[in-house]
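# Commentary on secondary and tertiary structure
For reference, the chains in residue letters:
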Amino acid sequence: MTTPSGPVPTDPSFSELFPPDAALEHLAGDFTWAEGPTYVANRERVVFSDVRQNRTWAWTDYGALEVETEPSHHQNGHCTDIDGLLIACSHGERALVRHEHDGSWTTLAGTFDGKRLNSPNDVALHPLDGSLWFTDPTYGIDKPEEGYGGEQELPGRWVFRLDRDGTLTAPIRDRDKPNGLAFASADLLLLADTGSDAATFGYRIDPDGNATYEREWFRVDPGKTDGLRLDIEGRIWSSAADGVHVLTPDGGTELGRIPTPETTANLCFGGPFGTLLYITATSSLWRISTRTRGLELQR
């Protein structure tokens, strides 16, 4: 594995987002497809998936790598809910599930209109109403190494909204393979599509949970946006084939890149102050210090 360089600016302001001499730190490796990192503040750890090895891992604030769940039923994306509990997208169970305080798992959503979900992939918490929005492509049933197989029962690959009262709706139905998603604000959802028209798109969200397509937000090159996060200034931090691309809030200008030696799948901010960027890149977990903080950690 080649040794990655530090941040590479496209715009001079990019260097201001990092301490002097900031560089990627290799934390752990030997994974098959590292994915879905999220910071669980009340447990002082980043939880992430090795989807194909059917387990999840944790990197603690104290520098320890621990097995989190095995088997994980091919969990992929994660977030925390309004109560700080870990929410997981389970390819194997074809469900959105929650990790309870006692260590048990509760299925939050597994069917829609009497049909099984495809394979929930990534999930985000709405910053105001506490609803959970998750994508449901078919990777977990299309790829035997990422799930338990089965037949697609729903007529599409949609984005779902789970209200706090348990009501499940599908506000977004116009994408090919919806994947990573993140709220830029209470009324703007950024949604990555890794299908035939691979880009990230913006949807306006109204107080009733309806979504209206606005426009294409950005594309990365090389590769596709799989996972994405925002910082407290609204800048977009996107995965790509060559690392992490950082863009202006409107997606129109690339500020710089953080190169990784393997394809980056996903990323999250974490650590005690929310300033550490954790990156899952194929076989490894990386970390780099920043001078900003993750938006989702400030809500």
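Located above this text is the structure these notes cover.
Residues numbered from 1 in each chain as written. Predicted model: local features only at pLDDT ≥ 70, side-chain atom pairs only at ≥ 80, totals over all residues. Heavy atoms only, no water.

The subject of this paragraph is the overall build of the protein. Check the secondary structure of the protein and you find one helix and 27 strands. For 299 residues, the compact-globule formula gives about 19 Å, and the C-alpha radius of gyration of the protein, at 17 Å, lands near that figure. Scored against the burial criterion, the 299 residues of the protein give a buried share of 56%. In the protein, of all internal contacts separated by at least 6 residues, the share reaching a separation of at least 24 is 46%. Summing over all exposed atoms, the protein offers an accessible surface of approximately 11,800 Å²; the carbon and sulfur share of this is 46%. Taking the average location of the 26 positive side-chain charges in the protein and that of its 46 negative ones, the two points are 2 Å from each other. (Helix = DSSP H or I, 4+ residues; strand = E, 2+ residues; numbered from the N terminus. Rg over C-alpha atoms; globule rule 2.2 N^0.38 Å. Buried < 20%, exposed > 50% of the residue type's maximum accessible area, 1.4 Å probe, protein only. Contact = heavy atoms within 4.5 Å. Areas by Shrake-Rupley, 256 points an atom, 1.4 Å probe, with all protein chains shown as cover. Lys, Arg positive; Asp, Glu negative; His and termini not counted. Charge placed at Lys NZ, Arg CZ, Asp CG, Glu CD.)

Scanning the entire structure with this criterion turns up 12 aromatic pairs. Judged by centre distance (5.3 Å) and plane angle (80 degrees), the ring pair of Phe31 and Phe48 falls under edge-to-face. Linking Phe31 in the loop between strand E2 (25–28) and strand E3 (34–40) with Phe48 in strand E4 (residues 45–50), this pair joins segments that are 17 residues apart in sequence. Like Phe31, the residue Phe48 is buried in the burial classification. With a centroid separation of 6.2 Å and 55 degrees between ring planes, the pair formed by Trp158 and Phe160 is classed as tilted. (Phe/Tyr/Trp six-rings, centres within 6.5 Å; stacked < 30°, edge-to-face > 60°.)

Turning next to the layout of surface pockets. Taken as a whole, the second largest pocket spans an internal volume of roughly 300 Å³. What lines the second largest pocket is a set of 17 residues, and nearest its centre among them are Trp33, Tyr139, Asn179, Thr194 and Asp226. Taken together, the residues of the lining of the second largest pocket sort by class into four nonpolar, seven polar and six charged. (1 Å grid on protein atoms, 1.4 Å probe; cavity = no way out; pocket = protein on both sides within 12 Å on 5 of 7 lines; lining within 4 Å. Points joined across faces, edges and corners; volume = space filled by probe spheres on them. Nonpolar A, V, L, I, M, F, W, Y, C, P; charged D, E, K, R; others polar.)

Here the focus is unusual backbone geometry. If a residue is not glycine, its phi is most likely negative; likewise, a peptide bond is most likely trans. Looking along the chain, the bond that leaves Glu70 and enters Pro71 is cis, with omega of -5 degrees. When you line up the elements, Pro71 lands in the loop between strand E6 (65–69) and strand E7 (75–80). At Asp21, a residue that is not glycine, the phi angle is positive and equals roughly 60 degrees. Counting through the fold element by element, Asp21 comes out in the loop between strand E1 (8–9) and E2. For Asp21, a relative accessible area of 77% puts it in the exposed group. Phi at His74 takes a positive value of approximately 55 degrees, unusual for a residue other than glycine.

Right, let's get into the pattern of salt bridges. Per the stated rule, a full pass over the model turns up 19 salt bridges. With a closest N to O distance of 2.8 Å, Glu70 and Arg55 form a salt bridge. Of the two residues, Glu70 sits in the loop between E6 and E7 while Arg55 sits in strand E5 (residues 55–60), which places them 15 residues apart along the sequence. Among the residues examined, Arg55 registers a relative accessible area of 17% and is labelled buried. The network of salt bridges with common partners includes Arg43, Arg45, Glu66 and Glu68. (Salt bridge = Lys/Arg side-chain N within 4 Å of Asp/Glu carboxyl O.)

This brings us to the sheet that holds strand E24 (residues 254–259). Sheet architecture is open: five strands sit in the order E1-E24-E23-E22-E21, paired in antiparallel fashion. Only two strands of the sheet have a single neighbouring strand rather than two, namely E1 and strand E21 (228–230). (Pairing = 2+ DSSP bridges.)

Examined against the element boundaries, His245 turns out to sit in strand E23 (residues 243–247). Look at His245 and you get buried, because its relative accessible area is 2%. A distance of 2.7 Å separates a polar atom in the side chain of His245 from a polar atom in the side chain of Asp242. Beyond its immediate stretch of four places on either side in the chain, His245 contacts Val220, Asp221, Pro222, Ile236, Trp237, Ser238, Ala240, Glu254, Gly256 and Arg257. (Polar contact = N/O pair within 3.5 Å; in protein donor to acceptor, adjacent residues only side chain to side chain.)

Moving on: the sheet that holds strand E27 (residues 284–289). With antiparallel pairing, the four strands of this open sheet are ordered in space as E2-E27-E26-E25. Edge positions in the open sheet fall to E2 and strand E25 (266–270), since each of these has one partner strand only. Taking the axes of each pair of neighbouring strands and ignoring which way they run, one obtains an average angle of 30 degrees across the sheet. As paired strands, strand E26 (residues 276–281) and E27 are joined by six bridges and run antiparallel to one another. What sits directly across from Ile279, in E27, is Trp286. (Axes fitted to C-alpha atoms, helices over the stretch in contact; angles between N-to-C directions.)

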